[in-house]
Structures are given as C-alpha cells and as structure tokens.
Amino acid sequence: MSDPYFVLVETSELRGLVGALDVVDERAELNHRYRKLIADSRRVLEGPQVRLTQARGIAKRLMVLVKAAGPGFADGLDERERAALEDGLAQADSLVHRGPAAGS
C-alpha cells in the first residue's frame, strides 16, 4: 500500500466536497473560526491536485462544519442544497473511512 502523503487526487474529483462547502458557506450561521476553515479548504482546492492527506483533512473539516451548523441545518435547505450536502458528506465519509480509491 502506498503512503497517502504521496498519493495525489485531482481536485476535479472532489466536486462533492466543494459543493457541500458551498452550501455550508452560504447557508450556515458560523463564527469566524469556522469561516476560516472554509477559506483554508478553498485555498487548498485551488490547484489541480491535492495530496490524499489534504483531501481527507478537508473531508474532516466538512464534517466538523456540518456539525457546527446544527442538528437541523439540513432541514432548512432546498432539495438541490440538501443533495449537494449529502453528496459532499458521502464523499467525505469515503475519503476518511474507506481509503484512497474511495474518494473518486
């Protein structure tokens, strides 16, 4: 098994994470520390590729942000936003819990 630090992931394959970050950024009431997590994640995603470890870090941040948004956050979203959030969380779960090939 290769070292995840050296495995690269195309940022275009992380659209689910990006879409969910967009929803959280636009709709959640978050403090400045959580907003910084979103901004930091967006900076990492600007390039064409990221290390798998970075993608996993962004996935974990997304999970934290959704939790910080509150238990009823998804209930206040329209169908498109909820689908984007669910897709992003599914991709985050795959990246964090299932290994390198699961994020794509």
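Quick caveat, the model's predicted, so the values are computed rather than measured.

What counts as what
- Residues numbered from 1 in each chain as written.
- Predicted model: local features only at pLDDT ≥ 70, side-chain atom pairs only at ≥ 80, totals over all residues.
- Heavy atoms only, no water.
- Helix = DSSP H or I, 4+ residues; strand = E, 2+ residues; numbered from the N terminus.
- Expected span 1.5 Å × (residues − 1).
- Buried < 20%, exposed > 50% of the residue type's maximum accessible area, 1.4 Å probe, protein only.
- Arc of directions from axis to C-beta.
- Contact = heavy atoms within 4.5 Å.
- Salt bridge = Lys/Arg side-chain N within 4 Å of Asp/Glu carboxyl O.
- Axes fitted to C-alpha atoms, helices over the stretch in contact; angles between N-to-C directions.
- Left-handed = near helix turned anticlockwise from the far one by under 90°.

S.K.: Explain helix α1 (residues 15-27) here, please?
M.R.: Turn by turn, an α-helix covers 3.6 residues, leaving residues three or four places apart pointing in a common direction. Here α1 spans 18 Å end to end across 13 residues, near enough to the 18 Å set by a 1.5 Å rise per residue. Those residues of α1 lying buried are Gly16, Leu17, Ala20, Leu21, Val23 and Val24. Taken around the axis of α1, the buried residues stretch over an arc of 160 degrees, which confines them to a single face. Pointing more than 90 degrees away from the buried face of α1 are the exposed residues Arg15 and Glu26. Along its buried surface, α1 packs onto α2 (32-44), α3 (52-69) and α4 (79-97).

S.K.: Is there a simple way to explain the pattern of salt bridges in this structure?
M.R.: When the charged atoms of two side chains with opposite charge come close together, those side chains can pair. Per the counting criterion, the structure on display carries seven salt bridges. Among the salt bridges present, the one from Arg42 reaches Asp22, with a minimum N-O distance of 2.7 Å. Separated by 20 residues along the polypeptide, Arg42 in helix α2 and Asp22 in helix α1 bring together distant segments of the chain. When the shortest N-O distance is used, the salt bridge between Arg27 and Glu81 registers 2.5 Å. In this pair, Arg27 sits in helix α1 while Glu81 sits in helix α4, placing the two residues 54 residues apart along the sequence.

S.K.: Honestly, the packing of α1 against α2 in this entry has me stumped. Any pointers?
M.R.: Two measures define how a pair of helices packs: the angle their axes make with one another and the distance between the axes. It is at 11 Å that the axes of α1 and α2 come closest, and there the two elements cross at 150 degrees. Regarding α1 and α2, the two cross each other, and that crossing is left-handed. Contacts from Leu21, Asp22, Val24 and Asp25 in α1 reach Arg35, Ile38, Ser41 and Arg42 in α2.

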